[in-house]
Amino acid sequence: MKPADETYREMYEGKLCETCEVGESAVHNQAIYWWGEIGYEITRSNRLELSRPTVTIHIPLKMLKLQEAGTAALDYIFRAFIPYVRTLNELNDNRKRTHRENGHYDIYEPGPEVLVRNVVRESLVAQKYYKLLSGCAIRVLDDREEIPSYPCVSIMLQVQLPEKRHKKGIQMLAKDLPETVNCFVNEFDGQGLQRALALWEKQEAIRTWLRENGHCAFVADGSILPRAREGGGPLAGAVPFVSTPEDQVEIAGVRGMLFRRGVTVITGGGYSGKSTLLDALSAGIYNHVEGDGRELVLTDQSAMKISAEDGRSVRHVNLSPFIKWMPGGDPADFSTDHASGSTSQAANVMEAVGWGVKLLLIDEDKSATNFMIQDPVMRILVEKEPVTPFVDRVRELQERKGVSTILVIGGSSEYLHVADKIYLMRDYVIREVTEAAGKLQASFWGQGEPAAEGSSAPDGGRFLQRGSGGRQRTEHKAPGIFHGGAGGVGFRFSYPGQGAGGYPHAAQYCLGFTAQRRCFSSEENV
């Protein structure tokens, strides 16, 4: 580069002059600069910001004692290189000057997920085909001489060259960066790489087992699920995850909890860890690095977290399974620029199913209430309701489409009767309560075990009892202590007593009807 050349033209062109014994010298353009066998390819980041080149460093795998590099190896190598760039910036940066004035090295900082990234890749790079004589003069190798090509790990970063400081810019590119790369190669931790590869193989073995045996997810015992506020790493002092005895399995030498296909409900009080567990399952579609705390939380890779997105755009989505009708529109071919909470969540579900998703992850805190549930009172009070709640479709999704659902529910019992498994979180400890929840629900909607359809209570009142599957209700009779009416519909509620801890004991949720209205039938509003 010339000191007064603001376009950095020569740096990007890589002009080389071939000396010839006879005739004029030939000009070659190759913007790959070599330090031994390591190449530095300089390209424009964009055509306007020429003082900020992208530098791709080609390091032969043989220098890292590798034959090939897959996703896990490339991820480890890239992460191992980042601290060297940070150190380079610490030595270079000047707090009194901006990066444009002083120069700076910019490299992508990845999250804990192990992914294929365009900032690091394996590529076959031909070594230089010439010998450097002096300045830009070269001698091209004879055709008889073999030009070697090596598989390399290619790492990309950007370099902000300092304005009006030509010598420092040359030093950053031609001295400081190559010396740092050489230091990285010489100090490369091969044992750390082997640990990363072993973890990757274990993660893939567990994923293969889940696919072959038709299960949704796996959470290893000892996993740290809560996240620190700063940095997103594992929370210091957090309670390690411990699987329930009923669902504990050992896969690839790892003990943990298995989440089976079907409808799974995770419930619990506030700050109990239920949403934290769902977040970990959502993150489990990707493999994670060692030390993340969730590296052995593995989920069906088709899984998708579903929530309401007020105001999102929707184009030509069939919402008819959830929306019966809408004013001036066709729910079978729905489009809008500003979807409501319920229509946006319905669209998210339908799009996910259309894309082949086999596991839905839903948190009630991030969902539209009228899309998720509609309690028995509101079903009768609101006669003209176009929304079919998700609770009415969740089992159908599993049985007809093979789409499982894991729900975090803390404020409604609507999903308990459609769930295959129910888990209770308390202080970040999980336990299986499917049978206990079924008994509690039966006692809440009836007294003791569920009564047969058409049976009567001894006092002559009526109440509606949930069935064990689907949306069926059975009419029964019970006393009422409150009576109110709206549009010819009367309601009676009865809570005969309370058990320990203030929970209703054999509480009855009662509905009465006047003669002008027919009773809620077993198939109504399905």
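Residues numbered from 1 in each chain as written. Predicted model: local features only at pLDDT ≥ 70, side-chain atom pairs only at ≥ 80, totals over all residues. Heavy atoms only, no water.

1. A closer look at unusual backbone geometry
Operational definition: Remark: exposure states derive from per-residue accessible area (1.4 Å probe, protein chains only) relative to the maximum for the residue type, with buried under 20%, exposed over 50%, and partly exposed in between.
In the Ramachandran plot, His316 falls in the positive-phi region, its phi being about 55° despite a non-glycine side chain. Owing to a relative accessible area of 59%, His316 belongs among the exposed residues under this scheme. In this structure, Tyr428 is a non-glycine residue whose phi angle is positive, near 65°. Note on Tyr428: relative accessible area 29%, which makes it partly exposed.

2. Examining helix H6 (residues 274-283)
Formally: A run of DSSP states H or I qualifies as a helix once it reaches four residues; a run of E qualifies as a strand once it reaches two. Both are numbered from the N-terminal end.
Within H6, seven of the ten residues are buried, which leaves it mostly tucked inside the rest of the structure. Within H6 the residues assigned to the buried category are Lys274, Thr276, Leu277, Leu278, Ala280, Leu281 and Ala283.

3. Remarks on the packing of aromatic side chains
Quick note on the threshold: Pairs were defined over the aromatic rings of Phe, Tyr and Trp, the Trp ring being its six-membered one, requiring ring centres within 6.5 Å. Orientation was assigned from the angle between planes: stacked under 30 degrees, edge-to-face over 60, tilted for the rest. Our definition puts a charge over a ring when NZ of Lys or CZ of Arg is within 6 Å of the ring centre and also within 35 degrees of the ring normal.
Applying the stated criterion across every chain, the model contains eight aromatic pairs. Between Tyr76 and Phe188 the ring centres are 6.1 Å apart and the planes differ by 75°, which places this aromatic pair in the edge-to-face class. With a gap of 112 residues between them, Tyr76 in helix H2 (residues 71-92) and Phe188 in the loop between helix H4 (166-186) and helix H5 (190-213) connect regions that are remote in the sequence. Look at Phe188 and you get buried, because its relative accessible area is 16%. Their ring planes at 70° and their centres at 5.3 Å tell us that Phe81 and Phe184 sit as a pair that is edge-to-face. In this pair, Phe81 is assigned in helix H2 and Phe184 in helix H4, connecting sequence segments 103 residues apart. Summarising the burial analysis for this pair, Phe81 and Phe184 share the class buried. One aromatic cluster is present, built from ring pairs that chain together Tyr76, Phe81, Tyr84, Phe184 and Phe188. One cation-aromatic arrangement involves Lys62 over Tyr150; the distance from NZ or CZ to the ring centre is 4.0 Å.

4. Points about the sheet that holds strand E16 (residues 304-306)
The condition is simple: For two strands to count as paired, DSSP must find a minimum of two bridges between them. Only the stretch in contact is used when a helix axis is fitted, and all axes are lines through C-alpha atoms; the angle between N-to-C directions ranges over 0 to 180 degrees. In what follows, a contact means two residues having at least one pair of non-hydrogen atoms within 4.5 Å.
Strands sit in the order E16-E19-E20-E14-E21-E22 across an open sheet of six strands; the sheet is mixed. Bordering the open sheet on either side are E16 and strand E22 (429-432), each of which pairs with just one other strand. Strand-to-strand twist across the sheet, computed as the mean angle between neighbouring axes with direction ignored, equals 20°. Here strand E19 (residues 359-363) runs beside strand E20 (residues 404-408); their pairing, made up of five bridges, is parallel. In the sheet register, Asp363 faces E20, and the bridge partner there is Val408. Where helix H7 (residues 341-354) meets the sheet, its contacts fall on E16 and E19, and the angle it forms with E16 comes to roughly 160°.

5. Looking at the pattern of salt bridges
Filter applied, for reference: When a carboxyl oxygen of Asp or Glu lies within 4 Å of a side-chain nitrogen of Lys or Arg, that pair is called a salt bridge.
Inspection of every chain in the model, using the stated rule, returns 24 salt bridges. With a closest N to O distance of 3.0 Å, Arg393 and Glu396 form a salt bridge. A relative accessible area of 27% places Glu396 in the partly exposed class. Each of Asp247, Arg260, Lys421 and Glu432 takes part in one network of salt bridges that share partners.

6. Describing the packing of H2 against H5
The cut-off we apply is this: Small angles under 35 degrees read as roughly parallel and large ones over 145 as roughly antiparallel, with 65 to 115 read as roughly perpendicular and the rest as oblique. The sense of a crossing depends on the near helix, which, turned anticlockwise from the far helix by less than a right angle, makes the crossing left-handed and, turned clockwise, makes it right-handed.
Where H2 contacts H5, the axes come no closer than 9 Å and their chain directions differ by 140°. Looking at the two axes, H2 sits oblique to H5. The hand of the H2/H5 crossing is right-handed. Residues Thr71, Ala72, Ala73 and Tyr76 of H2 lie in contact with H5, whose contacting residues are Gly192, Leu193, Ala196, Leu197 and Trp200.

7. Side note on the sheet that holds strand E15 (residues 297-299)
One open sheet accounts for four strands, arranged E12-E13-E11-E15; its pairing is antiparallel. Here the strands that pair on one side only, and so sit at the sheet edges, are strand E12 (248-251) and E15. This sheet shows a mean twist of 35° between the axes of neighbouring strands, independent of strand direction. Across three bridges, the pairing between strand E11 (residues 215-220) and E15 is antiparallel.

8. Section: H7
Heads up, the rule is: Expected span of a helix: the number of residues minus one, times 1.5 Å.
With 14 residues, H7 should reach 20 Å at 1.5 Å per residue; the first-to-last C-alpha distance of 20 Å fits that figure. Across the 14 residues of H7, eleven count as buried, placing the element largely inside the fold. Close packing links the buried residues of H7 with E16, strand E17 (314-317), strand E18 (334-336), E19, helix H8 (369-372) and helix H10 (394-401).

9. Some remarks on the side chain of Ser367
Take Ser367: it is sitting in the loop between E19 and H8. Discounting residues that sit within four places of it in the chain, Ser367 has contacts with Ala308, Gln345, Ile362 and Met372.

10. Re the nonpolar core
The following threshold applies: Throughout this description, the term nonpolar core refers to a set of buried Ala, Val, Leu, Ile, Met, Phe, Trp, Tyr and Cys residues connected via side-chain atoms within 4.5 Å.
If you look at the biggest cluster of nonpolar residues, it comprises 42 residues, and the most contacted ones within it are Val55, Ile57, Ile59, Val153, Ile155, Leu177 and Val181. Within the residue set of this core, elements represented by two or more residues are helix H1 (9-13), strand E4 (38-43), strand E5 (54-60), H2, strand E10 (149-160), H4 and H5. The leading source of residues in this core is H2, at ten residues. Those residues within four positions of Ile155 in sequence are excluded, and the remaining contacts are Val55, Thr56, Ile57, Ile59, Ile77, Phe78, Phe81, Ile107, Val119 and Val120. Membership of the second largest hydrophobic core comes to 36 residues, among which are Val357, Leu360, Phe371 and Val433.

Everything listed here is a matter of geometry and, on its own, says nothing about what the molecule does.
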